[in-house]
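If you want the building blocks of each chain, they are given just below.
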Amino acid sequence: MAEVSQTLASVIPNVEGEGKFKKSSDVAFYRRQIQGPNMQHQALLDTMVLTEKGARFELVEADSQTRLLLSLSPSKHGIVRITIDEFQPIKARYRVPDVLPGEPQCEQLTVEKQTKDSVTLSWSSGFYQLRVWHSPFRMEILCEQEVMVTFNSKDKLWFERLQHRPSELQDERKSSLWKETFKQFVDIKANGPSSIGADLCLHGFRHVYGLPQHADNLQLRDTRDGEPYRLYNLDVFAYPLYSRLGLYGSVPLMVAHKPDRTLGVFWLNASETFINIQYSPSDHQDDKTPPVKRRRAEPQTDVHWLSESGMIDCMVLLGPSPQQLFAQYAQLTGYQALPPLFALGYHQCRWNYIDEADVKSVDAGFDRHSIPYDVIWLDIEHTDGKRYFTWDPVHFPEPAKLQQHLEKKNRKLVIISDPHIKVDPSWSLYCEARDGGHFVKDREGQIFKGSCWPGESSYLDFSSSATRAWYSRCFSLDKYKGSTPLLFVWNDMNEPSVFSGPELTMLKDAVHCGDWEHRDLHNLYGFYQHMATVEGLITRSGGLERPFVLSRSFFAGSQRLGAVWTGDNVANWEYLKISVPMVLSLSLAGIAFCGADVGGFIQDPEPELLVRWYQAGALQPFFRGHSANVTNRREPWLFGDEVTAAIRTVIQQRYSLLPYWYTLFHQAHTSALPPLRPLWVEFPEEESTFSVDSQYMLGGALLACPVTEPGIQEIKVLLPGSDDIWYDIHSALVYKGGRTLSLPVTLDTVPVFQRGGSVVCRSVGSCSCTAELRQLPLSVTVALNSQGTADGELYLDDGHSFRYRDRKAFCLRRFSMLSGRLLCRPAGEEGTFDCNTVIQSVTLLGVKSKPSAVIVHASGAKDISAAFQYMETCCTLTVNSVNLKVAMDWEIQIR
């Protein structure tokens, strides 16, 4: 452990200050494009061909006469795909595979208008148009004659052609194009400089979001006075805050919003990418501009994308609503996987639980202190010498029995599996991977070697479908000795992390399957390991059981595979605070199953911070406590009775809300609505919400504002919607929307408000894990709006299998309150799930006067006059002991 701690400590120092990671000025392709000069392109309008997928044009660069091929493809779902490739490349350029599960269904284009200067094409009965300008080349996207987006508005289109390596590189400038040095590392470019770039003007927009993963605010900042946003997956331990440095994962999706439209720009490229953003008008505007003209200037956001290699593949998602944009992106990259229910419970993790007795002791501690949890995790020390798919023979001699011990309590075990493989010719798995050609090669064609936790390691080439299939088979029960169906997986260090490499990652000139350089697909590496692991667990169950796999690295489309988290954070208040915008950015970019390590991975949290972090973490989709081996033990009962009680309450509240969480994940899985939503998603016309990232909506019904500062006695909460009503879920006090509320808080306060017009279902009673939760009855909270109406849904299935998908074994119910009647009915397509869950009680918030009677009518039964309690002080009506089956049609009349 001393050696491990020393290695860990070597990664801790200030990452930016020590120059471990590159600035944009250290990157040659970025310097070339920024320093210019800009290339001047023309669209050859007479080369236009209308195809079944849209239209094609040739572009020519004026000085070099370089020809490019432009393809424009509009889809039925409000997406415009813009691709630009070399006209006749010396070899194919890298096109990102496997991220788009299916090609979008294209619309036919028709010529609306053509002149010598431009051609206008339309689709969707003329509702949308594309206008291509000859010189200088521009491409406008119009909706109802209004220009929304201009491609190449600033002449930033850049395309470096692939070249054969010359026999001699005597010219120093030309030589630097083929060879790049950072510190002691030399990067040889097999086909010379190959970078691409393009700019887009987003007309009328002054707020843009997305581009995870960065430890920064939700709204992206103007980059003129600092670094661009970087997308390059890196292992950044104790990452700097409010930084645009690329972290563990990359989703090249930018979302722009204004009161009447939401649109997105998806830049499908897996190489190192930078994004510059300029808002206009802005503080940077020329002081000589007359004030009147400044006021009248139409806002716009200019976005400049720059990537090291590949081709231009840019998709503009036209919305116009946030919900439609989420669906458009999901139609491209896939919907969030529906997790098994246990994965939405609480996870307890540490680097490392020492041995089997330690695991059993921690497991018993949760029961002893009546704190529910579902999963306990093992980090790298559980293996035999950091060889994955093995167990330490001294500390974990009977892993199957350990899993069976947990199974008796309906709990699960997660183990870590990293992409590096210890170089050990005496280890059969290493030999199998080596002999099967499953490792990444170096530029000389030898197996790439780098250092990571086991020491000298080689790295599996997950870009190869054959390697992924081989790796998937490693999870079979007969091959992975000591594993059981109750074992799930955590992919870590998969950026990939290479301690001996530049920026702690793989050399860009390493070579993958198909002779692609690592530079082409770097940001896909973790995505592919995640894919292979998920396929391994699905195969292990014969395709019957839903997998659970957490991955540190990710890309667009990772939502189809499982969960991610925000990486190696620090136990201080600033990291707690930044976790909220970080998970909101991930949610906007389709990665809905995300969270931050509760308590901070490194350093020791004070008790107040730990409690506040549990409160915040319980309101994020992925809920895991985790800590490093150099920190003090952090189980919830080690900080005194008051802290234990506070944490117990928070986790119990999380479990009681799981019926609502699970319903939200069903929505994410079917309609792409993320469970966590920035306020503007639900209140798209309220500009006061556009920059808020300290609070958010949990679904459409609950507003959460976790306390993220120490020692405060009051918190300010924005309650949006001037026509809305909000109810404090703890006190049932009612507040009008369209105001900022000053709310007194204690250490026990978790500010959450239910929106008038919504219905939320909770479990009633205590449980030790999600399996017990399923046996509990439900309570239904109906929060009335100003019209006295409300509605909401509840989704139920078996919680673990694919039967909901393959056999329609699910139950989806809608609760609707209208004219004093609460109805429970099927919500659209009805499944066939045999569900015995009952509603034990119904609480109505906002009932202005005591009713004379409450009548319960269930299908096939006589009407019953139900007992009820009415609290005049908070206008709350509670009907207990109704014992109505969720799967039956019934109604409650308030008279």
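Calculation criteria
Residues numbered from 1 in each chain as written. Predicted model: local features only at pLDDT ≥ 70, side-chain atom pairs only at ≥ 80, totals over all residues. Heavy atoms only, no water. Core = buried A, V, L, I, M, F, W, Y, C linked by side-chain atoms within 4.5 Å. Buried < 20%, exposed > 50% of the residue type's maximum accessible area, 1.4 Å probe, protein only. Helix = DSSP H or I, 4+ residues; strand = E, 2+ residues; numbered from the N terminus. Contact = heavy atoms within 4.5 Å. Pairing = 2+ DSSP bridges. Axes fitted to C-alpha atoms, helices over the stretch in contact; angles between N-to-C directions. pLDDT = per-residue confidence, 0-100. Phe/Tyr/Trp six-rings, centres within 6.5 Å; stacked < 30°, edge-to-face > 60°. Lys NZ or Arg CZ within 6 Å of the ring centre and 35° of its normal.

**Things to note about the nonpolar core**
Inference 1: Core analysis: the biggest nonpolar cluster contains 174 residues, and Val99, Phe266, Leu524 and Phe548 have the highest contact counts within it.
Inference 2: Per element, the largest residue contribution to this core is 10 residues, and it comes from helix H12 (residues 573–588).
Inference 3: Ignoring sequence-local partners within four residues, the contact set of valine 99 consists of Phe266, Leu268, Leu332, Thr333, Leu524, Phe527, Phe555, Ala556 and Arg560.
Inference 4: Counting residues in hydrophobic clusters, the runner-up holds 52 residues, among them Phe137, Leu202, Trp267 and Val316.

**Overview of the sheet that holds strand E31 (residues 623–625)**
Inference 1: The strand order across the open sheet built from 8 strands is E30-E29-E28-E27-E23-E22-E21-E31, with neighbouring strands paired in parallel fashion. Two strands close off the open sheet at either side, each with one partner strand: strand E30 (594–595) and E31.
Inference 2: Sitting on the sheet, helix H7 (residues 399–407) touches strand E22 (375–378), strand E23 (412–416) and strand E27 (487–491), and the angle it makes with E23 is about 140°.

**Focus on the pairing of E27**
Inference 1: Along E27, 5 of the 5 residues are buried, which leaves the element largely enclosed by surrounding structure.
Inference 2: Judged by which residues are buried, E27 turns out to be covered on both faces: Leu487, Val489 and Asn491 on one side and Phe488 and Trp490 on the other are all buried.
Inference 3: Where E23 meets E27, 4 bridges bridge the pair, whose relative direction is parallel. Bridge pairing in E27 places leucine 413 opposite leucine 487.

**Concerning the confidence of the model for the chain**
Inference 1: Averaged over all residues, the pLDDT of the chain is 95; the fraction at 70 or higher stands at 96%.
Inference 2: Note on residues 1–7: pLDDT is under 50 here. Beyond four places in sequence and across chains, it has 11 contacts.
Inference 3: The low-confidence segment residues 9–17 (pLDDT under 50) makes 17 contacts with residues lying over four places distant or belonging to another chain.

**Quick look at the packing of aromatic side chains**
Inference 1: Evaluated as defined, the whole model comprises 47 aromatic pairs.
Inference 2: Seen from their ring centres, tyrosine 735 and phenylalanine 753 are 6.0 Å apart, and the 75° between their planes marks the pair as edge-to-face. Within this pair, whereas tyrosine 735 is found in strand E37 (residues 734–736), its partner phenylalanine 753 is found in strand E39 (residues 752–755), the two being separated by 18 residues in sequence.
Inference 3: Using a relative accessible area of 15% as the deciding quantity, one classes tyrosine 735 as buried.
Inference 4: Among the aromatic residues, those joined into a ring-pair cluster are Phe342, Trp377, Phe488, Trp490, Phe548, Trp565, Phe593, Phe622 and Phe665.
Inference 5: The ring of phenylalanine 205 has lysine 258 sitting right over it, with the charged end atom 4.8 Å from the ring centre.
Inference 6: The cationic tip of lysine 508 hangs over the ring face of tyrosine 232; the distance from NZ or CZ to the ring centre is 5.2 Å.

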